[in-house]
Each structure stands twice: as structure tokens, then as C-alpha cells.
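# Report on the structure
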Amino acid sequence: MNNICPPLLISMGDPAGIGPEIILSAAARHPERLSDVLVVGDWAVLQAARERLVSQTDLSLPVLQEWVGEGSWDGGENGVLRVVQTGSPATDLPPMGRISAGAGQLAADAIAAAARRVLSGWSRGMITAPIHKEALAAAGIDHPGHTEYLQALAADHLGCRIDQVPVRMMLSCPGLRTVLVSIHVALQKAIDLVTTDRVLETIRITDRCLRVRGGERPRIGVAGLNPHAGEGGLFGTEELRVIAPAVEAARAEGIDVSGPHPPDTVFMRARQGAFDVVVAMYHDQGLIPVKLLGLEHGVNTTLGLPFVRTSPDHGTAFDLAGTGRADPSSLVAAWDAALDMTAPP
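Cut-offs used in this document
- Residues numbered from 1 in each chain as written.
- Predicted model: local features only at pLDDT ≥ 70, side-chain atom pairs only at ≥ 80, totals over all residues.
- Heavy atoms only, no water.
- Helix = DSSP H or I, 4+ residues; strand = E, 2+ residues; numbered from the N terminus.
- Rg over C-alpha atoms; globule rule 2.2 N^0.38 Å.
- Contact = heavy atoms within 4.5 Å.
- Lys, Arg positive; Asp, Glu negative; His and termini not counted.
- Charge placed at Lys NZ, Arg CZ, Asp CG, Glu CD.
- Buried < 20%, exposed > 50% of the residue type's maximum accessible area, 1.4 Å probe, protein only.
- Polar contact = N/O pair within 3.5 Å; in protein donor to acceptor, adjacent residues only side chain to side chain.
- 1 Å grid on protein atoms, 1.4 Å probe; cavity = no way out; pocket = protein on both sides within 12 Å on 5 of 7 lines; lining within 4 Å.
- Points joined across faces, edges and corners; volume = space filled by probe spheres on them.
- Nonpolar A, V, L, I, M, F, W, Y, C, P; charged D, E, K, R; others polar.
- Core = buried A, V, L, I, M, F, W, Y, C linked by side-chain atoms within 4.5 Å.
- Expected span 1.5 Å × (residues − 1).

### With respect to the overall build of the chain
What the chain contains, in helices and strands, is 11 helices and 12 strands. Radius of gyration (C-alpha) of the chain: 20 Å, near the 20 Å computed for a compact globule of 345 residues. Counted over contacts in the chain with a minimum sequence separation of 6, partners at least 24 positions apart contribute 73%. Taking the average place of the 28 positive charges on the side chains of the chain and the average place of its 38 negative ones, the gap between the two points comes to 3 Å.

Take a look at the structure:
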């Protein structure tokens, strides 16, 4: 590796969605950043997205340039967006705004290629544009989303079992951060996953990852599962039997954590400054308040991976794909977060 800072990578996302378009739009907003980033994906898909945007917007879009180097990163140029081609360029582009196995495979190829480069130390982190989980499944990828797929790729690289690389999803927007005990599972299974061991592991991962920079321990508020955090067992006993013992064990380890708190007020209290982050018991409990506060500024960060990974806090938006109207703000926020997390100390 030479003395030029390793680049960030952006995987292109589902080619039938807004991923390629918001990457180009974000690059148009910040041409000064393009010397520090590569897009990993399909050249033909990205070029087609660029051609659509040229006709639909007045953005000053970057020039696309294929990057074929396999050695040290030699730095890029402002106004030029370099593309790492994964496999042979697509000859038949997937239809816009529709689920297809072909689109899922192109998205998966981009994720895997980017992850391999980050895991090898060639890149300092990755930002992922949105994928469609049904398209990923149609392509035969046996992982329900980015988080689980990257966890599996990391475990394979490290030569260990997937459960030996425990990861958690953190969603953040200005004023609120939430970390989830479970991710993409049915609600009944999510409730079953609220165990003392899993809640304690989530608290530990949250504490470790959020105090890497600066050293101060984050103030962690843990949400209950039931209304009013069970109201002393009147509305459910998970708080008494499962969550409180996890909180007590974490506090015994020196972690600054409290709870379980009523889930209908804990997020509001975090916004008011009582907590730095909230541990939520399941996907929608933690994501609804973040998305309500501002989807356009939301960032998804995977905690526990051996590398930095961020993404926008929204999906493929098939209804907007190809229209030129997709807002890149959340991707820019994810880009900002990745820059901050990988900045030299």
C-alpha cells in the first residue's frame, strides 16, 4: 500500500432501484470527494443511470471511468467517478422498478466484491446503496439483507462460524440512535429472540462500538418489550425475567446502561439528552422513531463487523426508479458517517 489514504467503496445496490441514481446525484453534490471513493458494480447499469439523469436533471454529473487496477490505490480525480466492474458488463439490463433474479445477482456481486476488498485491507470502509430483499432471494442468496450477508462474508474471511461474528444494526438520525436486538425476522420470532444473552450481547456491542473513538462510554437506555415496560409484570414479564437481568449484568461490567424503560417514552428521552443511544427489542420498535424524525438524514450502520459499513436508511424506491426524482440526502449522510468513522485519529 502506498501512502495515499485507502479509498471508500460504494456498492451500487439493486440496479432496478434508485441506488445507481442516488450515487451519481450524491457524487454531483460532492465532486471534491471523488478522489477518495470507488463505486463497485456494473458499468452498463451505472452508465444507463447517468444517461437517464442527464436528460432528466440539471445536475453537473461526474464522468464515469472504469478502474481496472488491482494494486495499490493511486488516488482519483475530482469530478471523475471511478467504477470497479464486477464480472462482465451486463448486456441485458434488468427492468427498472421490478424484482428480478438478475438484479438481485448484480447487487449481490457488488456487495461481495466490495466486502472482499475491505476485508483484505485494500479499502478503509464501504457504503452500500439499497438492495431489494426479494430480488436477493430470487438470485439464490441465502441471507435476508445486507447486514446478514456482510456478517457471513466476514465470517468466511475470518474462517469462523457466523455466530462468532455477532453484529447489530444501528439506525441514526440527528438527535437519535437506536440499536436493534433482532433485525429481519417475523415479529413472533423477534419476541422469541428477546433473551437475556442476546440483550446483553447487544448492550456489549453497542458499548464497545460507540466508545472506540474518544473512549467515553455511551449512555445506553434499554427499551422494554411490553407496554409501559410490563408495568411490574401486569402486561408481561419479559422485562423482569429477561431484560432487567441483562441490564444488571452489563452494569456489573462497568457499562453505563439503564432500563428497561417504557418503549413509548424512551426514544423521546434520548432526544432530550437522557441517553446517547437506545437499545430496541425489535426492528420496527427502533426504526419507526428514527424514520419518523427524518428519513432523508437516516443512516444505517452495522456494528460488530471487522470494518466500517454504512448505508442510507431507505429502500430501493421502485416507484421513483428511473424518474430522476430520488433524493440522495440519506446516502450523503451515510457517506458523511463513513468518512467520520474512518478518519485518521
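Right, picking up where we left off after that structure.
### So, unusual backbone geometry
The peptide bond linking G259 to P260 adopts the cis configuration, its omega dihedral lying at 5°. Secondary-structure assignment places P260 in strand 9 (residues 257-261). In the Ramachandran plot, H228 falls in the positive-phi region, its phi being about 60° despite a non-glycine side chain. As for its position among the elements, H228 is in the loop between strand 8 (220-223) and helix 8 (238-252). Given a relative accessible area of 43%, H228 falls into the partly exposed group. Not every positive phi belongs to a glycine, and A229 is a case in point at roughly 55°. For A229, the location among the structural elements is in the loop between strand 8 and helix 8.

### Details of the side chain of T302
Locating T302 in the fold gives a position in strand 11 (residues 299-303). Judged by its relative accessible area of 4%, T302 falls in the buried class. Of the polar contacts made by the side chain of T302, one reaches the side chain of R309; its length is 2.9 Å. Beyond its immediate chain neighbours, meaning those up to four positions away, T302 contacts T147, V167, R168 and R309.

### Details of the side chain of T316
With respect to the helices and strands, T316 occurs in the loop between strand 12 (309-312) and helix 11 (329-341). By relative accessible area, which is 6% here, T316 ends up buried. With residues near it in sequence (within four places) discarded, T316 still touches D14, G17, I18, P130, I131 and H132.

### Overview of the layout of surface pockets
In this structure, the largest pocket spans a volume of roughly 690 Å³. Lining the largest pocket are 29 residues, and of these M170, C209, L210, T301 and M341 lie nearest its centre. Of all elements in the fold, only strand 6 (168-173), strand 7 (176-180), helix 7 (196-210), strand 11 and helix 11 reach the threshold of two or more residues within the lining of the largest pocket. Residue classes in the lining of the largest pocket are distributed as 16 nonpolar, 6 polar and 7 charged.

### Some details on the nonpolar core
With 36 residues, the main nonpolar core has M12, I23, L81 and I127 as its most contacted residues. Breaking this core down by element, the ones donating at least two residues are strand 1 (8-11), helix 1 (19-29), strand 2 (37-41), helix 2 (43-56), strand 4 (80-85), helix 3 (101-119) and helix 11. The dominant element in this core, judged by the number of residues it contributes, is helix 11, at 7 residues. Aside from chain neighbours lying at most four places away, what touches M12 is G19, P20, I23, V39, V40, G41, D42, V45, L46, L106, A110 and A129. In terms of nonpolar packing, the next biggest core, distinct from the first, is built from 29 residues, V40, I111, A115 and Y149 among them.

### A short note on the environment of A229
On the accessibility criterion, A229 (13% relative accessible area) is buried. Taking the C-alpha atoms as reference points, A229 and P262, separated by 33 residues in sequence, lie 4.5 Å from one another. Residues contacting A229, with those up to four places away along its chain left out, are G224, E239, P260, H261, P262 and P263.

### Considerations on helix 10 (residues 283-294)
Helix length check: helix 10 (12 residues) gives 17 Å between terminal C-alpha atoms against 16 Å at 1.5 Å per residue, within 8%. Q285, G286, L287, P289, V290 and G294 are the residues of helix 10 that are buried. Tucked into the core, helix 10 has its buried residues touching strand 6, strand 7, strand 8, helix 9 (266-271) and strand 10 (277-280).

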